[in-house]
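Letter by letter, the chains look like this.
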Amino acid sequence: MSSTRTLVSPAVLARPRGRAVYWTVFTGVVLLFTLAFLFPVHWMVTGAMKSPDEVARTPPDLLPDRWSTSGWTDAWELMQLPTHLWNTVVQAAGAWLFQLVFCTAAAYALSRLRPAFGNVVLGGILATLMVPAQALVVPKYLVVADLPLIHTSLLNDPLAIWLPAVANAFNLYLLKRFFDQLPRDVLEAAEIDGAGRLRTLWSIVLPMSRPVLGVVSIFALVAVWQDFLWPLMVFSDTDKQPISVALVQLSQNVQLTVLLAAMVIASIPMVALFLVFQRHIIAGIGAGSTKG
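Procedures and definitions
- Residues numbered from 1 in each chain as written.
- Predicted model: local features only at pLDDT ≥ 70, side-chain atom pairs only at ≥ 80, totals over all residues.
- Heavy atoms only, no water.
- Helix = DSSP H or I, 4+ residues; strand = E, 2+ residues; numbered from the N terminus.
- Polar contact = N/O pair within 3.5 Å; in protein donor to acceptor, adjacent residues only side chain to side chain.
- Expected span 1.5 Å × (residues − 1).
- Core = buried A, V, L, I, M, F, W, Y, C linked by side-chain atoms within 4.5 Å.
- Buried < 20%, exposed > 50% of the residue type's maximum accessible area, 1.4 Å probe, protein only.
- Contact = heavy atoms within 4.5 Å.
- pLDDT = per-residue confidence, 0-100.
- Salt bridge = Lys/Arg side-chain N within 4 Å of Asp/Glu carboxyl O.
- Phe/Tyr/Trp six-rings, centres within 6.5 Å; stacked < 30°, edge-to-face > 60°.
- Lys NZ or Arg CZ within 6 Å of the ring centre and 35° of its normal.

Trainee: How would you explain the environment of Trp 162 if you had to name every residue and give the values?
Mentor: Within the fold, Trp 162 resides in helix H8 (residues 159–166). C-alpha separation for the pair Trp 162 and Leu 206, spaced 44 residues apart in sequence, amounts to 22 Å. Looking at Trp 162, its side chain comes within polar contact range of the main-chain oxygen of Val 90, at 3.3 Å.

Trainee: If you had to explain helix H5 (residues 81–113) to someone new, which residues and values would you point to?
Mentor: Helix length check: H5 (33 residues) gives 46 Å between terminal C-alpha atoms against 48 Å at 1.5 Å per residue, within 8%. Downstream of H5 by a residue or two, Arg 114 has a phi angle that is positive, lying close to 50 degrees.

Trainee: Quick rundown of the nonpolar core? Include the residues and the values.
Mentor: Grouped together as the largest cluster of nonpolar side chains are 38 residues, with contacts concentrated most on Trp 72, Met 79, Leu 81, Ile 161 and Ile 243. Counting residues per element, the ones that place at least two in this core are helix H4 (70–78), H5, helix H7 (137–145), H8, helix H12 (210–226), helix H13 (229–234), helix H14 (243–250) and helix H15 (256–287). Once residues within four sequence positions are removed from consideration, Met 79 is found in contact with Asp 74, His 84, Ala 246, Leu 247, Leu 250, Ser 251, Val 254, Val 258, Leu 259 and Ala 262. Counting residues in each nonpolar core, the second largest holds 15 residues, with Cys 103, Phe 178, Leu 187 and Leu 206 among its members.

Trainee: Could you give an account of the confidence of the model for the chain, with specific residues and numbers?
Mentor: On average, residues of the chain score 84 in pLDDT, and 92% of them are at 70 or above. Helix H1 (residues 10–14) is the least confidently modelled element of the chain, averaging 71 in pLDDT, while H13 averages 92, the highest of any element. Low pLDDT, under 50, characterises residues 288–292; the predicted model gives this stretch six contacts beyond four residues in sequence or across chains.

Trainee: Could you give an account of the pattern of salt bridges, with specific residues and numbers?
Mentor: One pass over the full model with this rule turns up one salt bridge. Between Asp 180 and Lys 176 there is a salt bridge, with the nearest N and O atoms lying 2.8 Å from each other. Highlighted residues: Asp 180 and Lys 176, both in helix H9 (residues 169–180), separated by four residues, approximately one helical turn.

Trainee: Lay out the packing of aromatic side chains in plain terms, naming residues and giving numbers.
Mentor: Geometrically, a pair of aromatic rings is defined through the distance of the ring centres and the angle of the planes. Counted under the stated rule, the structure contains seven aromatic pairs. On the numbers, 5.5 Å between centres and 90 degrees between planes, the contact of Trp 23 with Phe 26 is edge-to-face. Highlighted residues: Trp 23 and Phe 26, both in helix H2 (residues 16–47), separated by three residues, approximately one helical turn. Judged by relative accessible area, Trp 23 falls into the partly exposed class, the value being 46%. Ring pairing ties together the aromatic residues Tyr 22, Trp 23 and Phe 26, which thus form one cluster. For the cation-ring pair, Lys 140 lies above Trp 230, with the distance from its terminal atom to the ring centre recorded as 4.5 Å.

Trainee: Can you tell me about unusual backbone geometry, naming the residues and giving the values?
Mentor: Although it is not a glycine, Arg 114 adopts a positive phi angle of roughly 50 degrees. Relative to the helices and strands, Arg 114 is located in the loop between H5 and helix H6 (118–127). A positive phi angle is found at Asn 156, which is not glycine, with a value near 60 degrees. Judged by its relative accessible area of 21%, Asn 156 falls in the partly exposed class.

Listed below in structure tokens is the structure:
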């Protein structure tokens, strides 16, 4: 009979004093971490409603003396947030769609179709994870600036974001590991019923893979939404820049309260996305450890 070792023994928890100490410490730690994570958000949201003098005050005030929403309206107009947010949505949605289609197809092929030299191909793909992303910036830029064979420049074009995003070894490996653990009897039953490879993928594999597809989608969208260096290099046209680049480029000529309001507005879509799909994220994190 195996026993599980814990930080606090069951004998201590059985005593009223031990139970009280345990819950007191546990509650204190949870509150401490909650404050540590939420205080920067609180400071950013309330700072956007303060005057410039209040934001620069030392020590800072927890709440503004006089609530004002002018920073929000100024951020929306002066920093052209609708244009840059739409640019970000287009770039993130295209990268997500390209990545979901091609990474899913590649992972399914490596997992279920068993191509020749499949392990070699997978090893080569995973080897790219060992290369720092900064080392690939210059080669990627040269390729995008003069696309091989067709000699077309993709600068200031969303394709410059979409195409490099497809080559995501981590998401491909995540999908492959999930496909490896799908129940084999279900896939064999589909073959017996006459379903082809594509029909099996569309009707059987993808519906069973919704948790991991949700996780991959979150990773893909967040990666594009928060990326700064690559969009800065490929988008010299200010009107086509995403929000991550525009906030830095336009922050020199605006007040700090306006910049804080713009940062809050820029973060709302990702926070909303997490809140809506948090169940899928949690399910997808544990999906890789289940066995069919």
